[in-house]
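# Structure assessment
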Amino acid sequence: MDATTLGSLLVGVGAVVGGVVAYLGKRGENAITLYGSLTNDLQEERDRLDTKVTELNAKIAELSALRAADQAEIARLRALIPPGGQP
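A brief report on the enclosed structure follows. Each chain carries its own residue numbering, running from 1 in the written order of its sequence. In keeping with the model being predicted, local features are shown solely for residues with a pLDDT of at least 70 and side-chain atom pairs are shown and tallied solely at 80 or more, while totals for entire chains, interfaces and linings include all residues. Only hydrogens and water are set aside when side-chain values are computed; all heavy atoms of the structure are taken into account.

### Details of the overall build of the protein
If you tally the helices and strands in the protein, you get one helix and zero strands. Its C-alpha atoms give the protein a radius of gyration of 37 Å, clearly above 12 Å, the size a compact globule of 87 residues would have. Accessibility here uses a 1.4 Å probe with only protein chains present; expressed as a share of the type maximum, an area under 20% marks a residue as buried, one over 50% as exposed, and anything in between as partly exposed. Across the 87 residues of the protein, 0% fall into the buried class. Counted as positive: Lys and Arg. Counted as negative: Asp and Glu. His and the chain ends are not counted at all. Think of each charge as sitting on NZ of Lys, CZ of Arg, CG of Asp or CD of Glu. Of note, the protein has its 9 positive side-chain charges centred 10 Å away from the centre of its 11 negative side-chain charges. By definition, any uninterrupted DSSP run of H or I lasting at least four residues is a helix, any uninterrupted run of E lasting at least two residues is a strand, and each is numbered from the N terminus. Using C-alpha atoms as the atom set, the radius of gyration is obtained and then compared with a globule rule of 2.2 Å times the number of residues to the power 0.38.

What follows is the structure, encoded as structure tokens:
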């Protein structure tokens, strides 16, 4: 095998290896892009759920205040009824 044939063979092997490296590099880039996209989607969903939880907590606080007011009114009305009788 002379130097020209060996050089051509090495160039061919180098081209194949370069193609494989480029292919794997592109796959890695696509995986990173996909991971970034999924991360962004999860963060958006988390933010939506945080907003929903905040709204539900506000509603629970409102209902709790209404219940406390109702309990106070019930206690006031029970105090108006004499023991064992009609108001």
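### Details of the pattern of salt bridges
Think of it this way: side chains of opposite charge can pair up when their charged atoms draw near. Within this document, salt bridges are pairs made up of a side-chain nitrogen of Lys or Arg and a carboxyl oxygen of Asp or Glu, the two lying within 4 Å of each other. Scanning all chains against the criterion turns up two salt bridges. For the salt bridge of R76 with E73, the shortest nitrogen-to-oxygen distance reads 2.7 Å. Of this pair, R76 and E73 both sit in helix α1 (residues 3-80), three residues apart, roughly one helical turn. For R76, a relative accessible area of 43% corresponds to the partly exposed category.

### Side note on a nonpolar patch on the surface
A surface patch of nonpolar side chains, amounting to about 550 Å² of accessible area, comprises L6, L9, L10, V13, V17 and V21. Examined against the element boundaries, V17 turns out to sit in helix α1. Patches draw on residues past 30% relative accessible area with no salt bridge. Two like charges within 9 Å are joined, as are two nonpolar side chains (Val, Leu, Ile, Met, Phe, Trp, Tyr) within 5 Å. Surface accessibility in these figures is a Shrake-Rupley result with a 1.4 Å probe; residues are shielded only by whichever protein chains are displayed.

### What about the environment of V16?
One can find V16 in helix α1. Taking the C-alpha atoms as reference points, V16 and K26, separated by 10 residues in sequence, lie 15 Å from one another.

Without other data, these values stay purely geometric and don't point to any function.
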